Amino acid sequence: MTSDPPPRLRLRAYASTDASELSELYYVSARVLGSRRYSSDQVAAWAPAPVDPLTVHLRATDGRTTLVAVDDRNHVLGYGDLEPDGHIDHLYCRPEAAGSGVSATLLDGLIREACDRSIARLYVEASELARGLFERNGFKVLHRRDFEISGVSIHNYAMERRLTG
């Protein structure tokens, strides 16, 4: 008996029809994967409810580049975005796709996009979950960021990667 090969992954640009799915993906990813490194109170503050799809759409079309990772059946597995100044704000994948290379492929696509646009510096506020991925891809921790969301203490890491110079 042979097993099915893993689905092929490809990146494509955000489409307006993605908004609802990205809203749900963000919420589920933060809730499920976030609980691996953050308390239930922290996760609830981070993602209290799914984001309105219109908000997702407006954000994805505000001048940033939003890449969507899909499998060979066009199922959305993750997404990431790059703002014109080099800020990577979102990089999320479905919990069932965690560890499969989806996030790494998205990050590689965002880095290529930044290079194509001659962006000299990428920066991100990486969660505990994402810190290792960014470090493996040449990002350096600048400092830990401790802050509150809705009265709940949480943290992430300010990180950067120089692309030129």
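Residues numbered from 1 in each chain as written. Predicted model: local features only at pLDDT ≥ 70, side-chain atom pairs only at ≥ 80, totals over all residues. Heavy atoms only, no water.

## Digging into the packing of aromatic side chains
Here is step 1 of the chain: One pass over the structure, following the stated rule, counts four aromatic pairs.
Here is step 2 of the chain: Consider the rings of tyrosine 38 and tryptophan 46, whose centres lie 5.5 Å apart with planes at 80°: the pair is edge-to-face. Per residue, the accessibility class of tyrosine 38 equals that of tryptophan 46, and both read buried.
Here is step 3 of the chain: Ring pairing ties together the aromatic residues Tyr26, Tyr79 and Tyr92, which thus form one cluster.
Here is step 4 of the chain: In this structure, arginine 131 packs its charged tip against the face of tyrosine 157, placed 4.4 Å from the ring centre. (Phe/Tyr/Trp six-rings, centres within 6.5 Å; stacked < 30°, edge-to-face > 60°. Buried < 20%, exposed > 50% of the residue type's maximum accessible area, 1.4 Å probe, protein only. Lys NZ or Arg CZ within 6 Å of the ring centre and 35° of its normal.)

## Here's the deal with the nonpolar core
Here is step 1 of the chain: Grouped together as the largest cluster of nonpolar side chains are 26 residues, with contacts concentrated most on Ile88, Leu107, Leu122, Phe134 and Phe139.
Here is step 2 of the chain: Elements supplying a minimum of two residues to this core: strand E2 (65-70), strand E3 (76-82), strand E4 (87-93), helix H4 (102-116), strand E5 (121-126), helix H5 (128-136) and strand E7 (152-162).
Here is step 3 of the chain: Ranked by residue count, the leading element in this core is H4, at six residues.
Here is step 4 of the chain: The residues touching leucine 107, leaving out its near neighbours within four places in the chain, are Ile88, Leu91, Leu133, Phe134, Asn137 and Phe139. (Core = buried A, V, L, I, M, F, W, Y, C linked by side-chain atoms within 4.5 Å. Helix = DSSP H or I, 4+ residues; strand = E, 2+ residues; numbered from the N terminus. Contact = heavy atoms within 4.5 Å.)

## Points about the packing of helix H1 (residues 19-34) against helix H3 (residues 53-60)
Here is step 1 of the chain: At their nearest, the axes of H1 and H3 sit 8 Å apart, and the two run at 105° to each other. As judged from the angle between their axes, H1 and H3 are roughly perpendicular. Between H1 and H3, the contacting residues are Ala19, Ser20, Leu22 and Ser23 on the first element and Pro53, Val56 and His57 on the second.
Here is step 2 of the chain: For the contact of H1 with H3, the class distribution of residues is four nonpolar, three polar and no charged. (Axes fitted to C-alpha atoms, helices over the stretch in contact; angles between N-to-C directions. Parallel < 35°, antiparallel > 145°, perpendicular 65-115°, else oblique. Nonpolar A, V, L, I, M, F, W, Y, C, P; charged D, E, K, R; others polar.)

## As for the side chain of arginine 12
Here is step 1 of the chain: Assignment of secondary structure puts arginine 12 in strand E1 (residues 10-13).
Here is step 2 of the chain: Arginine 12 gets classed as buried once you look at its relative accessible area, which sits at 18%.
Here is step 3 of the chain: Engagement of the side chain of arginine 12 in a polar contact is seen with the side chain of aspartate 18, the distance being 2.8 Å.
Here is step 4 of the chain: Here arginine 12 is in contact with Asp18, Thr66, Leu67, Val68, Val70, Asn74 and Val76, once residues within four sequence places are set aside. (Polar contact = N/O pair within 3.5 Å; in protein donor to acceptor, adjacent residues only side chain to side chain.)

## Notes on the sheet that holds E4
Hydrogen bonds between backbone atoms are what pair the strands of a sheet, whose relative direction is either parallel or antiparallel.
Here is step 1 of the chain: Taken in spatial order, the seven strands of this open sheet run E1-E2-E3-E4-E5-E7-E6, and their pairing is mixed. Strands with a single pairing partner mark the edges of an open sheet, and in this sheet they are E1 and strand E6 (140-149). The sheet shows a mean angle of 25° between the axes of neighbouring strands, taken without regard to direction.
Here is step 2 of the chain: As judged from the six bridges shared by E2 and E3, these two strands associate in the antiparallel manner. Residue pairing for E3: threonine 65 is matched across the bridge by leucine 82.
Here is step 3 of the chain: Set on the sheet, H1 makes contact with E2, E3 and E4; between it and E3 the angle comes to about 95°.
Here is step 4 of the chain: Those strands touched by H4 are E1, E2, E3, E4, E5 and E7, and its axis lies near 30° from that of E3. (Pairing = 2+ DSSP bridges.)

## Notes on the environment of proline 50
Here is step 1 of the chain: Residue position: proline 50 is located in the loop between helix H2 (40-46) and H3.
Here is step 2 of the chain: The sequence separation of proline 50 and alanine 19 amounts to 31 residues, and the corresponding C-alpha distance is 11 Å.
Here is step 3 of the chain: The residues touching proline 50, leaving out its near neighbours within four places in the chain, are Ser23 and Tyr27.

## Examining unusual backbone geometry
Here is step 1 of the chain: The phi angle at asparagine 74 is positive, at roughly 70°, despite the residue not being glycine.
Here is step 2 of the chain: Among the secondary structure elements, asparagine 74 is positioned in the loop between E2 and E3.
Here is step 3 of the chain: For asparagine 74, a relative accessible area of 39% gives the class partly exposed.
Here is step 4 of the chain: Even without a glycine there, the phi angle at serine 118 is positive, about 55°.
Here is step 5 of the chain: Take serine 118: it is sitting in the loop between H4 and E5.

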